[in-house]
Structures are given as C-alpha cells and as structure tokens.
Amino acid sequence: MRKDSDFSSRLEPDLPPRPGAIALFRPRSTALAPLVPRSDALQVAPPPQEPRHDPAKVWESLGKSVLNPDFLAGNGVFALSEQNPVTAQFDILRTRVWQAMQERGWKRIAVTSPTHGCGKSLVAANLALALARLPGCRTVLMDLELRHPDLARLFGVHCGPLHEVLTGEQPLESHLRRVGDRLALALNGEAVAAGSETLLDPRSVGTLKAIVDHLAPSAVVIDLPHALGNDDVISVLPQVDCVLLVADATRTTAEDVRACERLFEGRVPLMGVVLNRADDGRRRRYRYGKGKR
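Residues numbered from 1 in each chain as written. Predicted model: local features only at pLDDT ≥ 70, side-chain atom pairs only at ≥ 80, totals over all residues. Heavy atoms only, no water.

**A word on the overall build of the protein chain**
- Regarding its fold elements, the protein chain presents 11 helices and 10 strands.
- Relative to all contacts within the protein chain whose residues are 6 or more apart in sequence, the contacts with residues 24 or more apart total 79%.
- Summed over all atoms, the accessible surface of the protein chain reaches about 15,600 Å², with 52% contributed by carbon and sulfur. (Helix = DSSP H or I, 4+ residues; strand = E, 2+ residues; numbered from the N terminus. Contact = heavy atoms within 4.5 Å. Areas by Shrake-Rupley, 256 points an atom, 1.4 Å probe, with all protein chains shown as cover.)

In structure tokens form, the structure reads like this:
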C-alpha cells in the first residue's frame, strides 16, 4: 500500500510547470476552503469553480513536434498529399467520413479491424493526417491499442506510457504533442497487458471526455485493437461515436465482417468498411498496406 506522500510527490513536482501550460487534471491549490462567519453559524464556503479553459490556449500550450515527411512515407504514412497517389484515396475517405460526422454531430471515430494485421493503424494515421489537412479541422489521433501500440513507431515519436495519462497519474498536456496548427498526437510508448481494465477505468473515461471538453477538436481518431481478439474494443465502444472497420482483402473473411457487425450492433454505429490491400486494375485502385497493425 502506497503512502499519501507517494502520491503527493507526483501531484506537486519540484519543478515549476512549463510557461504557458494549462493543467487539465492537477488542481491549482490543495488548500481547504476558508471558513466564512455568519451570524448564526460558521459555514464552509463552496469551493471555487474550475475556470473555463479556452480551447485555443489549451491547444497552443501543447508541446510541439516536427515530423519528418520522408520518414513517415517510408512507413506508409503520408503527411503531404503530393507524396503518394494513395493519399487521394484517403482524401476521399476523409471527406465521406467528415461529412457524415458533421451531419450527426459526431467527433470521436474509432478505427478497428476484425483480426490482427489488417493495417488499421496505417488507416487511422493517414485518416487523421487527411482530416488535419482540412482548414480549421483540429484533429486528435489517439493510440488506444494499449497491448500492441504501433503509432509511435510509425510517426517516429518517442513518448511515455499513455496509460498514466488515461488514469490521471500524469497531466494530459504533458503527453500530447501538437504537429502544426491542426494535429495533436496522443501516442503510446509502452505496452499495457491489462488493456480492457485500463479502458474501463472511470479515470480513463474522464480523460477521453476531457480531450473533447478542453481541446474542442473537430475530430478524434482513435486507433483501437482488433475487435475479435479480446474485450478491449467492447470496453471503449461507449466512449466513441462511430466505428470504421478495416478489412484485409487478402485474409479477412465475410464471416469476420459479420461477426464485427454483430459486435457493434446496438452499441455503436458502423461508419463503413475499408477494404485494405485491394488491387482493382480496372479502377486503378492502389494496393496499400506496408504494415501489419
């Protein structure tokens, strides 16, 4: 059993906060509310209300990261639309997803697949980059593939464990990194064996809500584990607005897709199915999928 001092050392670090940073989870003061005298009794004054955060200032307070477009392209992730013809396909997907989400007031779209190795992380990464290319579309990309995180490798970003942020042990603004003006990355640098337990933790639910409340993003793209392998996806479905399913043309069966549809039914809307690694010469579709996630 840890002592209270063990936790207070985390909540009150010796180093001052980074100038301009906005603490989303840490209280500004732990002092007790003052006693206010009244004519008939002493009454404890109500605690001060949390200040309303300006999303623009919160966004600007995030640490900046600069991505290497050539490194990303080598991993099948394209920050620039002119780097590869496949980006046109992701722009089409982006626009269809964006219009559907706008019509319904949705912000959080999860990307998953029936089984491991369908390329869902690549689709999530490229979808987020395509959304961020839209003027005024602030996009957050989250890696909730806690057991086998891959987005940090794809982006070439070194980061700590995301589960400490999800459970409130570390503040959100200490982990998220802003790329340009319209993309924020919440990546994971450490695998977590207890994926579903972490996702079901009420603190994790609060963190996902805080991202929308404080950052006010236009879209949150969430990379989830594959749907049929464990209960991680079921654990987080109540926290998303819709799901995009990535199927592998070389390995996914029709029964796999139907099993996912049954899993989502009554829980979350299925936005659509992306057929990855498909090659249709008549329509000049590009075979895509350099990774395994």
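**Concerning the environment of G272**
- Tracing the sequence through the fold places G272 in strand β10 (residues 270-276).
- Considering only alpha carbons, one finds G272 and L245, 27 residues apart in sequence, at a separation of 6.3 Å.
- Discounting residues that sit within four places of it in the chain, G272 has contacts with V243, L244 and L245.

**So, the pattern of salt bridges**
- This structure, assessed with the given rule, holds 15 salt bridges.
- One salt bridge connects D241 with R108, and the closest N-O pair in it is separated by 3.3 Å. Of this pair, D241 sits in the loop between α10 (232-236) and β9 (242-248) while R108 is found in strand β4 (residues 108-112), placing the two residues 133 residues apart along the sequence.
- D213 serves as the salt-bridge partner of K209, at 2.5 Å between the closest nitrogen and oxygen. Taken together, the positions of K209 and D213, both in helix α9 (residues 202-215) and four residues apart, correspond to about one turn of that helix. (Salt bridge = Lys/Arg side-chain N within 4 Å of Asp/Glu carboxyl O.)

**Here's the deal with unusual backbone geometry**
- Its identity is not glycine, yet A216 carries a phi of approximately 45°, on the positive side.
- Looking at the secondary structure, you find A216 in the loop between α9 and β8 (219-223).
- Accessibility expressed as a relative area gives 36% for A216, which makes it partly exposed. (Buried < 20%, exposed > 50% of the residue type's maximum accessible area, 1.4 Å probe, protein only.)

**Looking at the confidence of the model for the protein chain**
- Considering every residue of the protein chain, the mean pLDDT works out to 82; 77% of them sit at 70 or more.
- Contacts of residues 1-39 to residues separated by more than four positions or lying in other chains number 48 contacts, the stretch itself having pLDDT below 50.
- Within the model, pLDDT remains below 50 along residues 281-292, and this stretch shows 33 contacts once partners closer than five positions in the same chain are excluded. (pLDDT = per-residue confidence, 0-100.)

**Things to note about the nonpolar core**
- Ranked by size, the top nonpolar core spans 41 residues in total, and within it L141, F155, L185 and V221 carry the most contacts.
- For this core, the elements supplying multiple residues, two or more each, are α4 (86-104), β4, α5 (120-132), α6 (151-155), β7 (183-186), β8 and β9.
- With nine residues, the single largest contributor to this core is α5.
- The contact partners of L141, leaving out residues within four places of it in the chain, are A124, A125, A128, L151, F155, A184, L185, A186, L187 and V221.
- Listed in part, the 36 residues of the second largest apolar core include A186, L224, V233 and V236. (Core = buried A, V, L, I, M, F, W, Y, C linked by side-chain atoms within 4.5 Å.)

**A look at the sheet that holds β4**
- Spatial ordering of the open sheet is given by β3-β6-β7-β5-β8-β4-β9-β10, a layout of eight strands whose pairing is mixed. Either end of the sheet is taken by a strand with one partner, and the two such strands are β3 (63-64) and β10.
- Each of β4, β5 (139-143), β7, β8 and β9 touches α5; the most contacted strand, β8, lies at about 165° to it. (Pairing = 2+ DSSP bridges. Axes fitted to C-alpha atoms, helices over the stretch in contact; angles between N-to-C directions.)

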